[in-house]
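Observations on chain architecture
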Amino acid sequence: MAALSQGLTATLDPSGFRPRQRNVVAALLRVLPAHAVLWQAEDTTPYECDGLSAYRARPMAVVLPETSEQVAQVLRACQAMNVPVVARGAGTGLSGGAMPHSEGITLSLAKFNRILKIDPHARTAVVQCGVRNLAISEAAGPHGLYYAPDPSSQIACTIGGNVAENSGGVHCLKYGLTLHNVLQVKGFTMSGEAVTFGSEALDAAGLDLLTVLVGSEGMLAVITEVTVKLVPRPQLARCIMASFDDLRKAGDAVANVIGAGIIPAGLEMMDKPMTAAVEDFVHAGYDLQAEAILLCESDGTPEEVEEEIIRMTQVLRDSGATQISVSQDEAQRLKFWSGRKNAFPASGRISPDYMCMDSTIPRKRLADILLAIAEMEKTYRLRCCNVFHAGDGNLHPLILFDANDPDQLVRAEAFGADILETSVAMGGTVTGEHGVGVEKLSSMCVQFSPEERAQMLAVKAAFDPSRLLNPGKAIPTLVRCAEYGKMHVQRGLLPFADIPRF
């Protein structure tokens, strides 16, 4: 221990350590090699936020274990010292779920990046948590299979993070969210105990705790290994791009497609500001005069696709589409989707910063929420581009602002809260696939009663009695809700009691 202290002192002046940091780093170096423990400011600063860059904190240390046993040892050491732990994958999350705890450590699982097994007969893949979403499909490709959930960040986001947030993607309408495509998850509790949720079989013995873990935002266990389902790559896929001169017509068209008994492989909507932003970025051939465009995809056998394209085209035309184009080959289909997939980076080109919201509403209210957001733009004096998974009502409004202007950040936060709470008032929820993190803590006070939040905390306590795993995320405290309630009314928003809970 004396030699270790001398080594730390030689590397960094003792005055540079924050309270407790020296003891925590020393304990971590007892279970990990020196190269796997980062504590100097220049090394930990890159981990201070995830994709939600408006909120930041620097951890006491960042650890990069390479084996499951090292993960367990880190957790045991931190529990013994009562040190919070925030697990982190690729850091692409958009709700602050991986934002560090300033008096805790960040547990990076970036080195858990091996695909352990592809079983083409069982149509499954066993992968470590740090494997990129797209890498699974690339590995399964030679077998004619792929992993269906496809978040826009799939080139970078990891499967462990997808499980933590229950991520979706443009094809989630037909193929489901992460929850519907995961069979088994392995990991560790805060005490370092190895746990397995689910099974590689069709069912698992005992309680179905897999559905509790998926979407739990790193608050119940640290995920290290995931078994996912693979699906056959369709023989053919074609995409319809439909233009509408009215937002309500476009929203009604979405409901009409589903009402006709059609479940497209993907059904996405973009409003006029978003269409202009992405067309300038990728030149996908979008109609810049349209108030909204829909992308409707069909996949399957050539015969199935042909029939479904005809049916969807008729429904869209009857719903008031002013222009309809159908992809004629794979290159054109990918071009149609390139705009939707690049909506976020395209927004980054037209604004210094953006806040990507994530809520869900009934499909029949799509036009209502878009019109409400248009009024909010006037109220908060900020622009907003809208893109969303129209098929399941999952909204992704991108509020454009400049974080260098404190007043704009405050207005952006209020704008976002208004969108979330209006979604609840319309019969929806404050989150769809991005998680709650720190971004939506206050809005959780609106949707869930004190009794419901108490039950959520009880579930966490059952897994993590010390409440050290990703504390302060997803579930707001009574104190926070009381403070937010006062601020909420001051902003002129609906009193909590006036917002129906569904």
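Residues numbered from 1 in each chain as written. Predicted model: local features only at pLDDT ≥ 70, side-chain atom pairs only at ≥ 80, totals over all residues. Heavy atoms only, no water.

On to the overall build of the chain, then. Along its length, the chain carries 18 helices and 19 strands. For the chain, the C-alpha radius of gyration of 23 Å lies close to 23 Å, the compact-globule estimate for 502 residues. Structurally, the chain occupies a C-alpha span of about 80 × 60 × 45 Å along its principal axes. When each of the 502 residues of the chain is scored for burial, the buried share is 55%. A total of about 20300 Å² of accessible surface is found on the chain, and carbon and sulfur atoms cover 54% of it. (Helix = DSSP H or I, 4+ residues; strand = E, 2+ residues; numbered from the N terminus. Rg over C-alpha atoms; globule rule 2.2 N^0.38 Å. Buried < 20%, exposed > 50% of the residue type's maximum accessible area, 1.4 Å probe, protein only. Areas by Shrake-Rupley, 256 points an atom, 1.4 Å probe, with all protein chains shown as cover.)

Another aspect to go through is the side chain of N166. Here N166 lies in the loop between α6 (159-165) and α7 (172-175). A polar contact of 2.9 Å, which involves the side chain of N166, links it to the backbone nitrogen of L179. Contact partners of N166, with chain neighbours within four places excluded, come to L177, T178, L179, V214, G215 and E433. (Polar contact = N/O pair within 3.5 Å; in protein donor to acceptor, adjacent residues only side chain to side chain. Contact = heavy atoms within 4.5 Å.)

Taken as a whole and judged by the stated rule, the model has four aromatic pairs. Look at Y380 and F415: their rings are 5.3 Å apart centre to centre, the planes differ by 20 degrees, and that puts the pair in the stacked class. One end of the pair, Y380, is in helix α14 (residues 366-380); the other, F415, is in helix α15 (residues 406-425), with 35 residues separating them in the sequence. A single burial state applies to Y380 and to F415, both of which are buried. (Phe/Tyr/Trp six-rings, centres within 6.5 Å; stacked < 30°, edge-to-face > 60°.)

The next thing to look at is unusual backbone geometry. Phi at N470 is positive, roughly 45 degrees, even though this residue is not glycine. Its location among the elements puts N470 in the loop between α17 (450-463) and α18 (478-490). The exposure class assigned to N470 is buried, which follows from its relative accessible area of 2%. A positive phi angle, close to 70 degrees, is found at A474, a residue other than glycine. For A474, the position within the fold is in the loop between α17 and α18. Overall, A474 belongs to the buried group, its relative accessible area being 6%.

Before going further, it helps to examine the sheet that holds strand β10 (residues 222-229). The strand order across the open sheet built from five strands is β5-β6-β10-β8-β9, with neighbouring strands paired in antiparallel fashion. Two strands bound the open sheet, and with one partner strand each, they are β5 (115-119) and β9 (194-198). Across the sheet, the mean angle separating the axes of adjacent strands is 10 degrees when strand polarity is ignored. Of the strands in this sheet, β5, β6 (124-128) and β10 touch helix α5 (residues 133-140), which is tilted by about 45 degrees from β5. (Pairing = 2+ DSSP bridges. Axes fitted to C-alpha atoms, helices over the stretch in contact; angles between N-to-C directions.)

This next bit is on helix α11 (residues 302-318). The terminal C-alpha atoms of α11, which comprises 17 residues, lie 24 Å apart, in line with the 24 Å expected from a rise of 1.5 Å per residue. Looking only at α11, the buried set comprises V305, E308, I309, M312, T313, V315 and L316. Burial along α11 is one-sided: seen end-on, the buried residues are contained in an arc of 165 degrees. Of the residues in α11, the exposed ones pointing more than 90 degrees away from the buried face are E303, E307, I310 and D318. (Expected span 1.5 Å × (residues − 1). Arc of directions from axis to C-beta.)

Attention now moves to a nonpolar patch on the surface. A grouping of L207, L209, V212 and V459 is seen on the molecular surface, where their side chains present a nonpolar patch of about 330 Å² in accessible area. Along the chain, the position of V459 falls in helix α17. On the accessibility criterion, V459 (37% relative accessible area) is partly exposed. (Patch = residues over 30% accessible without salt bridge, like charges linked within 9 Å, V, L, I, M, F, W, Y side chains within 5 Å. Salt bridge = Lys/Arg side-chain N within 4 Å of Asp/Glu carboxyl O.)

Of the residues in the chain, 92% have a pLDDT of 70 or more, and the chain-wide mean is 92. In the model, residues 1-14 has pLDDT below 50 throughout and makes 18 contacts with residues more than four positions away in sequence or in other chains. (pLDDT = per-residue confidence, 0-100.)

On to the packing of helix α10 (residues 272-282) against helix α13 (residues 343-350). The N-to-C vectors of α10 and α13 enclose an angle of 90 degrees; their axes lie 9 Å apart at closest approach. When the axis of α10 is compared with that of α13, the two are roughly perpendicular. Packed against α10, whose contacting residues are M274, A277, V278, D280 and F281, the element α13 presents A343, P345, A346, S347, R349 and I350 at the interface. In terms of residue class, the contact of α10 with α13 is made up of eight nonpolar, one polar and two charged. (Parallel < 35°, antiparallel > 145°, perpendicular 65-115°, else oblique. Nonpolar A, V, L, I, M, F, W, Y, C, P; charged D, E, K, R; others polar.)

Let us look at the nonpolar core. Of all hydrophobic cores here, the largest spans 53 residues; its most connected members are L28, L75, I105, I136, V226 and V228. Broken down by element, this core gets its largest block of residues, five residues, from helix α4 (residues 68-81). Counting residues in each nonpolar core, the second largest holds 52 residues, with A250, C384, A412 and A414 among its members. (Core = buried A, V, L, I, M, F, W, Y, C linked by side-chain atoms within 4.5 Å.)

Evaluation of the coordinates by the stated rule reveals 21 salt bridges. A salt bridge links R132 to E138, with the shortest nitrogen-to-oxygen separation between them at 3.7 Å. Judged by relative accessible area, which is 31%, R132 ranks as partly exposed. The partner of K174 in a salt bridge is D299, and the shortest N-O contact between them spans 2.6 Å.

Turning our eyes to something else, we now look at the sheet that holds strand β1 (residues 37-38). Within a sheet, adjacent strands bond to each other through the backbone by hydrogen bonds, running parallel or antiparallel. The sheet built from four strands is open, its strands ordered β1-β2-β4-β3 with mixed pairing. The open sheet has two edge strands with one neighbour each: β1 and β3 (85-88). Looking at chain direction, β3 and strand β4 (residues 105-108) are connected through four bridges and run parallel. Its bridge partner lying in β4, R88 is registered against S108.

At a minimum axis separation of 7 Å, helix α9 (residues 247-259) and α14 run at an interaxial angle of 145 degrees. Touching L247, R248, G251 and V254 of α9 are L366, A367, D368, L370 and L371, all from α14. Each residue belonging to the contact of α9 with α14 can be placed in one class, and the counts come to six nonpolar, one polar and two charged.

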